[in-house]
Amino acid sequence: MANSLNLSQSKYAIVGGGLMGRLLAVALARSGAQVELFDKGGAEGAHAAARIAAAMLAPLAESAITEDSVVRMGLHSLPRWKELISELSDSVYFQQDGTLILWHRQDASEAERFAAHLEKNCRSNSDLSAPQKLNSDALRDLEPGVADRFTQGMYLPNEGQLDNRQLLNALASELKLLKVNCHWHTEVDPQELRRQSSYKAVIDCRGTGAKESWSSGDKPNTLRGVRGEVVRLYAPEVKLRRPTRLIHPRYPIYIAPKENDIYVVGATEIESDDLSEMSVRSAMELLSAVYTIHSGFAEARILEMATQCRPTLKNNLPEIRVRKEKGLVDLIMINGLYRHGFMIAPAVLDCALQLLAEGSSKTALELGLSMTQDDNQVEAICA
């Protein structure tokens with residue numbers, strides 16, 4: 001989409017070099033615009049929520065817990081990820097072999113409720129591929145590594161995943177190739193940059209770092225952090241072929257297999273801004289649950305136990321907030337991607353680029369992405 005934009009005479013400042021900031025910087029630079037990127041951390045993205053993620057692209061699975069607009073954004077983003085990754089100079093692992101859902105016998109009623117929810121969502125959204133129930137033989141054919149412990153399962157076609165850390169590194173390399181002026185380890189106020197007439201617009205992609213900007217007098221703490229915890233394992237004895245989710249009433253988990261026998265395991269979601277180390281309880285629950293899926297995890301090596309806070313708005317939905325000067329957009333604030341950052345990022349990217357180029361976004365209206373003026377009233381920028 002960036003190649004079709006006519007922004008060659010424009011100069012933009014992007015504050016925040018996580019997933020959205022890097023995607024926007026690359027897209028704008030490819031369109032011919034001048035771009036400066038500011039981030040308080042380094043190019044490795046160690047502080048970014050995107051670095052601590054499984055990067056699963058699973059709109060059907062997530063439809064059980066999120067709004068239809070997020071599902072539509074996820075469906076829009078899957079083919080866009082293929083395009084975006086193919087344009088990068090460095091390779092990034094991308095897979096679209098579906099999602100496997102498993103459950104233990106005692107949790108069969110939970111699985112039935114989950115399946116019914118997905119089937120209902122498929123009936124209301126024809127773009128979703130219906131879940132497929134698996135008996136013992138079908139499960140063995142699809143994922144032989146778990147067939148000794150499970151006799152049934154569910155397969156969600158067309159869902160995917162990518163390697164989040166490879167992507168962040170590839171985007172950083174692309175910024176160098178495109179000669180984007182990156183100010184790493186530089187903390188700046190988007191409002192101060194906005195006052196500099198040299199920029200056509202400033203784009204704020206700071207995630208939880210933008211809390212003050214998303215609070216207003218009568219609605220404080222609009223933006224919050226939701227703590228997530230993941231374990232990265234090296235497990236050469238485990239040969240899972242695709243992302244796998246375990247249904248459990250207390251601690252459902254996901255396992256995302258990456259290249260070279262690396263597995264990202266997670267599930268925890270805690271209403272807290274705490275960035276301290278993982279708790280013993282979380283570690284025990286994640287590791288115990290993952291062992292029940294495949295015995296090979298018993299000999300896995302723990303590479304990392306990591307925590308991060310996902311930027312989340314009050315309704316758990318993403319939003320683009322716009323400020324205008326003399327009728328022209330001069331500040332864009334993108335936030336609230338919550339647990340769906342990788343799943344919906346290309347959709348949010350396309351809407352933001354359309355807004356910059358045309359002053360409004362038809363795509364945002366079609367997908368249900370909230371785009372508001374700074375007074376929090378939805379207006380014509382979605383029309």
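Residues numbered from 1 in each chain as written. Predicted model: local features only at pLDDT ≥ 70, side-chain atom pairs only at ≥ 80, totals over all residues. Heavy atoms only, no water.

### Here we look at the packing of aromatic side chains
The cut-off we apply is this: Aromatic pairs are defined between Phe, Tyr and Trp rings, using the six-membered ring for Trp, whenever the two ring centres lie within 6.5 Å; interplanar angles under 30 degrees are classed as stacked, those over 60 as edge-to-face, and all others as tilted. Two limits define a charge over a ring: the Lys NZ or Arg CZ must be within 6 Å of the ring centre, and within 35 degrees of the ring normal.
Throughout the structure, instances matching the rule amount to two aromatic pairs. Here the guanidinium or amino end of Arg-149 rests over the ring plane of Tyr-291, the centre of that ring lying 4.9 Å away.

### Quick word on the packing of helix 3 (residues 68-86) against helix 9 (residues 341-358)
Applied cut-off: Axis lines are fitted to C-alpha atoms, over the contacting stretch for helices. Their N-to-C directions set the angle, which ranges from 0 to 180 degrees. Helix numbering and strand numbering both begin at the N terminus, where a helix is a DSSP run of H or I of at least 4 residues and a strand a DSSP run of E of at least 2. Here the word oblique covers every angle except those under 35 degrees (roughly parallel), over 145 (roughly antiparallel) and from 65 to 115 (roughly perpendicular). Only heavy atoms matter for contacts: two residues are in contact if any of them lie within 4.5 Å across the pair. Note on residue categories: nonpolar means Ala, Val, Leu, Ile, Met, Phe, Trp, Tyr, Cys or Pro, charged means Asp, Glu, Lys or Arg, and polar means any other residue, Gly included.
Across the interface, helix 3 lies against helix 9 with an axial gap of 6 Å and an inter-helix angle of 85°. Between helix 3 and helix 9, the crossing angle belongs to the class labelled roughly perpendicular. Across the interface between the two elements, Val-70, Met-73, Gly-74, His-76, Ser-77, Arg-80, Trp-81 and Leu-84 from helix 3 touch Phe-342, Met-343, Ile-344, Ala-345, Pro-346, Ala-347, Val-348, Leu-349 and Asp-350 from helix 9. Across the contact of helix 3 with helix 9, the residue classes tally to twelve nonpolar, three polar and two charged.

### Side note on the nonpolar core
The following threshold applies: Definition of nonpolar core: a set of buried residues of the types Ala, Val, Leu, Ile, Met, Phe, Trp, Tyr and Cys, connected through side-chain atoms within 4.5 Å. For every residue, the accessible area obtained with a 1.4 Å probe (protein chains only) is divided by the maximum for its type, and the residue is called buried under 20%, exposed over 50%, and partly exposed between those limits.
Counting 60 residues, the largest nonpolar core has Leu-24, Leu-28, Trp-81, Ile-320, Ile-334 and Phe-342 as its most contacted members. Here this core takes twelve residues from helix 9, the largest share from any one element. Ignoring anything within four residues of it in the chain, the contact list for Leu-24 reads Ile-14, Ile-203, Cys-205, Ile-334, Leu-349, Ala-352 and Leu-353. In this structure, Leu-233, Leu-240, Tyr-263 and Met-278 belong to the second largest nonpolar core, which totals 26 residues.

### Quick look at unusual backbone geometry
Residue Asn-158 is not a glycine yet carries a positive backbone phi of 75°. Examined against the element boundaries, Asn-158 turns out to sit in the loop between strand 7 (153-156) and strand 8 (160-162). According to the relative accessible area criterion, Asn-158 is partly exposed, its value standing at 41%. In the Ramachandran plot, Asp-261 falls in the positive-phi region, its phi being about 65° despite a non-glycine side chain.

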